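Chain residues, written in single-letter form:
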Amino acid sequence: MGSSPAPFSDIGKKANDLLNKDYNFDHKFTLSLPNTTGLGLTAAGLKKDGIFIGDINSVYKSGNTIVDVKVDTYSNVSTKVTMVDILPSTKAALSFRIPDHKSGKLDLQYLHHHAAFNSSIGLNPTPLLELSATIGSKDLVLGGEVGFDTASASFTKYNAGFGLNKPDFSAALLLADKGQALKASYVHAVDPFTSVGAEMTHRFSTYQNSFTIGSAHAVDPLTVVKTRFSDTGKVAMLCQREWRPRSLVTVSAEYDSKAINAAPKLGLALALKP
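Residues numbered from 1 in each chain as written. Predicted model: local features only at pLDDT ≥ 70, side-chain atom pairs only at ≥ 80, totals over all residues. Heavy atoms only, no water.

The chain is annotated in an unreviewed UniProt entry as Outer mitochondrial membrane protein porin from Melia azedarach.

A. Just the pairing of strand β5 (residues 77-84), in detail. Pairing analysis gives seven bridges linking strand β4 (residues 65-72) to β5, with the strands arranged antiparallel. Opposite K70, over in β5, you have S78 as the bridge partner. What sits between β4 and β5 in their antiparallel hairpin is a turn of four residues, with S75 showing a positive phi close to 65 degrees. In the sheet, β5 pairs with strand β6 (residues 90-98) via eight bridges, with the strands oriented antiparallel. Paired with V81 across the bridge in β6 is L94. Connecting β5 to the next strand, β6, in antiparallel fashion are five residues, including D85 with a positive phi near 60 degrees. (Pairing = 2+ DSSP bridges. Helix = DSSP H or I, 4+ residues; strand = E, 2+ residues; numbered from the N terminus.)

B. Spatial organisation of unusual backbone geometry. Its identity as a non-glycine residue notwithstanding, A153 has a phi of 55 degrees, on the positive side. For A153, the position within the fold is in the loop between β10 (140-149) and β11 (154-166). Unusually for a residue other than glycine, D177 sits at a positive phi of about 55 degrees. Inspection of the secondary structure puts D177 in the loop between β12 (169-176) and β13 (181-191). Owing to a relative accessible area of 35%, D177 belongs among the partly exposed residues under this scheme. (Buried < 20%, exposed > 50% of the residue type's maximum accessible area, 1.4 Å probe, protein only.)

C. The arrangement of the environment of G179 in detail. Along the chain, G179 turns up in the loop between β12 and β13. If sequence neighbours within four positions are ignored, G179 has contacts with Y158 and F204. (Contact = heavy atoms within 4.5 Å.)

D. Broad picture of the pattern of salt bridges. Inspection of every chain in the model, using the stated rule, returns seven salt bridges. Two residues, E130 and K157, come together in a salt bridge whose shortest N-O distance is 3.8 Å. Taken together, the residues span a long stretch of sequence, with E130 in strand β9 (residues 128-136) and K157 in strand β11 at a distance of 27 residues. With a closest N to O distance of 3.4 Å, R241 and D220 form a salt bridge. Pair noted here: R241 is in strand β17 (residues 234-244) and D220 is in strand β15 (residues 208-220), with a separation of 21 residues, a long-range link. Here D220 falls in the partly exposed class, since its relative accessible area comes to 28%. A single network of salt bridges, built from pairs that share partners, joins E130, E145 and K157. (Salt bridge = Lys/Arg side-chain N within 4 Å of Asp/Glu carboxyl O.)

E. Structural context of the packing of aromatic side chains. The final tally for this structure, using the stated rule, is six aromatic pairs. Look at Y23 and F25: their rings are 6.4 Å apart centre to centre, the planes differ by 40 degrees, and that puts the pair in the tilted class. Among the residues examined, Y23 registers a relative accessible area of 12% and is labelled buried. Ring centres of F155 and Y158 lie 6.0 Å apart, and the angle between their planes is 85 degrees; this geometry places the pair in the edge-to-face category. Judged by relative accessible area, Y158 falls into the partly exposed class, the value being 41%. By the ring-pair criterion, three or more aromatic residues cluster together here, those being F148, F155 and Y158. One cation-aromatic arrangement involves R228 over Y23; the distance from NZ or CZ to the ring centre is 4.2 Å. (Phe/Tyr/Trp six-rings, centres within 6.5 Å; stacked < 30°, edge-to-face > 60°. Lys NZ or Arg CZ within 6 Å of the ring centre and 35° of its normal.)

F. Fine view of the pairing of β15. One ladder, built from ten bridges, connects strand β14 (residues 194-203) with β15; its direction is antiparallel. Across the sheet, M200 pairs through a bridge with F211, a residue of β15. From the end of β14 to the start of β15, which pair antiparallel, there are four residues, and Y207 there has a positive phi angle of about 60 degrees. Taken together, the eight bridges between β15 and strand β16 (residues 223-230) define a ladder with antiparallel strand orientation. The residue of β16 that forms the bridge with S215 is T227.

Structural data, given as structure tokens:
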């Protein structure tokens, strides 16, 4: 529903995307082959620390059902079956990995005009349970999430937060890491081509503060340049170019000013979508 509040995982997402999305300091390649019949194929590879890691992902869509099958470098097969609108405003997804017979998981989502609920349960004798909920609207969201491990009878997470989204700015405040950290983020659209953002984290146990600031600028309709700076002294820059429709080439660089003898990190990502 267009008027429903965003799920809890989307609180602070705009700032996270501006500061982190598409930054890559290795070699990454993605080839996507969509098909009008409902079957799509994606092959992705990442060379990291001299090791090539890749996977092949096949997605089939038919009516309200989506079947997603992924095979990775180590011959592990992951399958996810998603069914939308089995009941009004609901979505259910069943996922599992082969040969891990304990990896089965059922995800459920329900959207209301003023509330959104997401739950996840592991399909094994001692499952991991997760539940998140938000209330509000598409502009103002208040919510929380909790995770419980029945094997150890302990909470794996419990977080809360709220988000405010407007056409020209977005703000979020999160109580994260089981109440041990407070995260605040803000993104502002300076003009139709430039946005700036910042994220600050305060840890109550150590009284430490950390921050990251960044920007994104559309040089032209096909080129985006992003910058990022953190209190740790790391400076990063990204340039992304759509050299053909839906196909992107992204060059990223990062320099650690506190590691004088370390060379800057460089990354190249190529995405092809015919």
